[in-house]
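Okay, here's what each chain looks like letter by letter:
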Amino acid sequence: MERLRNFINGEYCEPSTGEYIDNFEPATGKVYSLIPNSGAKDVQKAVDAAEKAYPIWSKMSNEKRSQILVKLSEGIEARMDEFTKAESRDNGKPLSLAAHVDIPRAVSNFHFFATAILHFASESHNMEGVGVNYTLRKPIGIVGCISPWNLPLYLFSWKIAPALAAGNCIIAKPSEVTPYTAYLLGQVAKDAGMPDGVLNILHGEGHTVGDAIVKHPKIKAISFTGGTKTGEYIARTAAPMFKKLSLELGGKNPNIIFDDCDFDEMMKTTLLSSFANQGQICLCGSRIFIQRGIYEKFKEEFVEKVGALLVAEPNNPKAKLGAVVSKSHMEKVLSYVDLAKEEGGTVLTGGVQVQMEAPFEDGYYLRPTVIEGLSYDCRTNQEEIFGPVVTITPFDTEEDVLMMANSTVYGLSTTLWTSDLKRAHRMANEVHAGIVWINSWLVRDLRTPFGGVKASGVGREGGWEALRFFTEPKNVFVKY
Ligand code: NAD
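This structure is a prediction, so every number in the text was calculated from the model and none was measured.

Undergrad: Got a minute to help me understand the sheet that holds strand β21 (residues 471–479) in this structure?
TA: Strand-to-strand pairing in sheets goes through backbone hydrogen bonds, with the strands running parallel or antiparallel. With antiparallel pairing, the three strands of this open sheet are ordered in space as β6-β7-β21. The two strands at the open ends of the sheet, each matched to only one other strand, are β6 (124–127) and β21. Going from strand to strand, the sheet's axes swing by 20 degrees on average, the running direction of each strand aside. Across nine bridges, the pairing between strand β7 (residues 131–139) and β21 is antiparallel. Each residue of the ladder has a partner; that of Arg137, found in β21, is Pro473.

Undergrad: It is not clear to me how the nonpolar core should be interpreted in this structure. Could you clarify?
TA: One broad rule of soluble globular proteins: the nonpolar side chains tend to lie buried together. The biggest cluster of nonpolar side chains holds 97 residues, and the ones touching the most others in it are Leu72, Ile76, Leu185 and Leu283. For this core, the element with the highest residue contribution is helix α5 (residues 152–165), accounting for ten residues. Formed jointly, this core draws a minimum of three residues from each of two domains, domain 1 (2–250 + 454–479) and domain 2 (253–409 + 413–438). Among the nonpolar cores identified, the runner-up in size contains 28 residues, and Met267, Leu271, Phe275 and Leu309 belong to it.

Undergrad: Explanation requested: the domain arrangement of the chain in the structure shown.
TA: The accessible area lost on association of the parts is a frequent measure of interface size. The domains assigned to the chain are domain 1 (2–250 + 454–479) and domain 2 (253–409 + 413–438). At the interface, 23 residues of domain 1 touch 28 residues of domain 2. Taken as a group, Ala27, Trp149 and Lys454 account for 26% of the area that domain 1 buries against domain 2, more than any other trio of residues on that side. Seen at the junction of domain 1 and domain 2, the total is one salt bridge. Between Asp362 and Lys30 there is a salt bridge; the shortest N-O distance is 3.5 Å. Our enumeration of links across domain 1 and domain 2 arrives at twelve residue pairs in polar contact (both at pLDDT 80 or more). Going through the elements one at a time, α3 (80–91) and α4 (95–119) are the ones with two or more residues in the side of domain 1 that touches domain 2. The element contributing the most residues to the side of domain 1 that touches domain 2 is α4, with three residues.

Undergrad: What am I meant to see in the pairing of β6 here?
TA: By the bridge criterion, four bridges tie β6 to β7 in an arrangement that is antiparallel. Across the sheet, the residue bridging to Met127 is Gly131, located in β7. From the end of β6 to the start of β7, which pair antiparallel, there are three residues, and Gly129 there has a positive phi angle of about 75 degrees.

Undergrad: So what exactly am I meant to see when it comes to the sheet that holds strand β1 (residues 2–3) here?
TA: Spatial ordering of the open sheet is given by β1-β5-β4, a layout of three strands whose pairing is mixed. Since the sheet does not close on itself, it has two edges, and those belong to β1 and β4 (20–25), each with one partner. Here two bridges tie β1 to strand β5 (residues 30–36), and the two strands are oriented parallel to one another. Bridging across to β5, Arg3 finds its partner in Leu34.

Undergrad: I would appreciate a short explanation of the packing of helix α2 (residues 62–78) against α5 in the present structure.
TA: Angle between the axes and distance between the axes: these two values describe a pair of packed helices. One can describe the packing of α2 onto α5 by two numbers: an axis separation of 10 Å at closest approach and a directional angle of 165 degrees. Relative to α5, the element α2 lies roughly antiparallel. Relative to α5, α2 is oriented so that their crossing is right-handed. Of the residues in α5, those touching α2 at Arg65, Leu69 and Ile76 are Leu153, Ala161, Leu164 and Ala165.

Undergrad: Please clarify how the site of the ligand should be interpreted in this entry.
TA: Around the ligand there are 30 residues in total, and Ser147, Glu176, Thr230, Leu249 and Glu384 lie nearest to it. In this structure, an oxygen atom belonging to the ligand sits 2.8 Å away from a side-chain N or O atom of Trp149. Within the side chain of Lys173, one N or O atom sits 2.8 Å away from an oxygen atom of the ligand. Alone, the ligand offers 850 Å² of accessible surface; in the complex the protein occludes 88% of this. Listed by contribution, the elements that provide at least two residues to the shell around the ligand are α7 (206–215), β11 (219–225) and α8 (228–238). Here the element with the most residues in the shell around the ligand is α7; it accounts for four residues. Two domains each provide a minimum of three residues to the shell around the ligand, namely domain 1 (2–250 + 454–479) and domain 2 (253–409 + 413–438).

Undergrad: For this particular structure, what's the right way to read the packing of aromatic side chains?
TA: The relative placement of two aromatic rings is captured by the distance of their centres and the angle of their planes. Within the structure shown, the criterion is met by 13 aromatic pairs. Measuring from centroid to centroid gives 4.9 Å for Phe298 and Phe302, while their planes differ by 25 degrees, and the two rings are stacked. Placement of both Phe298 and Phe302 in helix α10 (residues 292–307) is noted, with a separation of four residues, approximately one turn of the helix. Cluster of aromatic residues (ring-pair linked, three or more members): Phe7, Tyr12, Tyr32, Tyr180 and Tyr183. Across from the ring centre of Trp57, 5.9 Å away, lies the NZ or CZ of Arg65, which sits over that ring. Of note, Lys297 hangs over the ring of Phe263, and the distance from its end group to the ring centre comes to 3.9 Å.

Undergrad: For this particular structure, what's the right way to read the pattern of salt bridges?
TA: Pairing is possible between side chains that carry opposite charge, provided their charged atoms lie close to one another. Inspection of the entire model under this criterion finds 19 salt bridges. Of the charged contacts, one joins Asp102 and Lys93 as a salt bridge, the two residues approaching to 2.7 Å between their closest N and O atoms. For the pair Asp102 and Lys93, a shared accessibility class is recorded, and that class is buried.

Undergrad: For this particular structure, what's the right way to read the environment of Pro314?
TA: Structurally, Pro314 is set in the loop between α10 and α11 (327–342). Among the residues examined, Pro314 registers a relative accessible area of 4% and is labelled buried. In this structure the C-alpha to C-alpha distance between Pro314 and Pro26, which are 288 residues apart in sequence, comes to 9.4 Å. In this structure, Pro314 is in contact with Ala27, Ser88, Gly92, Lys93, Pro94, Leu95 and Tyr365, ignoring residues within four places of it in sequence.

Criteria and thresholds
Residues numbered from 1 in each chain as written. Predicted model: local features only at pLDDT ≥ 70, side-chain atom pairs only at ≥ 80, totals over all residues. Heavy atoms only, no water. Pairing = 2+ DSSP bridges. Helix = DSSP H or I, 4+ residues; strand = E, 2+ residues; numbered from the N terminus. Axes fitted to C-alpha atoms, helices over the stretch in contact; angles between N-to-C directions. Core = buried A, V, L, I, M, F, W, Y, C linked by side-chain atoms within 4.5 Å. Buried < 20%, exposed > 50% of the residue type's maximum accessible area, 1.4 Å probe, protein only. Domains from an automatic or database assignment. Contact = heavy atoms within 4.5 Å. Buried area = accessible area lost by both parts, 1.4 Å probe. Salt bridge = Lys/Arg side-chain N within 4 Å of Asp/Glu carboxyl O. Polar contact = N/O pair within 3.5 Å; in protein donor to acceptor, adjacent residues only side chain to side chain. Parallel < 35°, antiparallel > 145°, perpendicular 65-115°, else oblique. Left-handed = near helix turned anticlockwise from the far one by under 90°. Near = heavy atom within 4 Å. Areas by Shrake-Rupley, 256 points an atom, 1.4 Å probe, with all protein chains shown as cover. Phe/Tyr/Trp six-rings, centres within 6.5 Å; stacked < 30°, edge-to-face > 60°. Lys NZ or Arg CZ within 6 Å of the ring centre and 35° of its normal.

Here it is, written out as structure tokens:
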């Protein structure tokens, strides 16, 4: 059985504990590799390496750092097939999704920040007749990057690319549920000429190695993406240590459909925004609000199309949904279907596990699920499910739907479908969200701020926001 290893000081190494955790393949439900069960000693070893590397990396010219990051991005591209297969196998997502979204987007994240750093500038503020302020932006030092399982390499790179570009050294931890592509990345970084100790990748559980990263006094900032509860714990632990924090957390995003929308375009995109990656994208719209005039038409067509989506093993090129990420996650999602029924909801399609044939009979497959008849404020409509489950709810007016859309503790993203431009802007202005898509979904411009409000997080990733997060501003005043 293959054993993954930590990547510390430019070398792959065993965990200090000598222990390993099972890594399951969601498509088959079988263990297919072992992950280091790292602990505080491994974090210390990585911090020691990062401390040595920091003067080299932080003082290297932006041009040189940029060249290394471009090579890193090209290194992933050159191994596209291997990365794509690894991501799909580790996560359960259709191979085609890993090939078209996850890995190409990870490549472009590295490329984007490799070049963005060449254009990053800081401010100066002139005081007429008095003097001038200029602001230096220095790297923070050693930073911790902790990422989730849903878009493993893609979200990992979304953090480490800007952190590296800005001149920081990194202690990074991918999710223990999907460690494989982060494991491959160590070698690619080394081949790209990354000095030893700059990028350290540790594997293991959140409450052990993740916690040790958050608590280490020499790790000055934590960039975290994951669940809101974990984010809360990290904030409680790191805030008294005055660490800089970026928290990208859960969501319960509304997808608001007005009766004047382009119906066909909306329908095509809503299938994706509901069920892409088995509904396990933080930006998926899980609460669909439809204006009453088109509610029945929407319901009929949507339920029919969802019922026809192929759930299949990830290597099947026709698969629209693969396996969900783990057994426990599958059970959690199914428990929400039961809850929805208890709360008075009607399952219009799905709501069940799919029994596949050998060798996939123990895999974690769920039918995409549509539920109606629930009140906007029941638990099913308020809590994050993070799986292939959506609810549909009719509405009459803008005011009604805004109230329902804004009723959760979350505020990550919102999708709006309407041909009325004024209404689109009005609604975009009023919804509680960090990201709004009008007549579209998941269109990505790497320069834009990415993140949520309320319990969906603190801070923003993307573009200059990320480079600002990973640098510390220092103002210098010079008297005339
Ligand atoms: P999670 O919070 O369980 O784990 C995320 C990461 O944190 C993992 O690497 C885990 O090992 C680590 N971790 C867990 N406990 C920790 C601790 N005490 N200290 C330090 N690290 C710890 O989340 P998950 O189940 O992997 O991911 C799903 C969640 O992520 C969903 O809530 C989803 O909405 C959210 N998410 C948010 C965004 C966003 O951009 N806002 C993007 C993707 C996923």
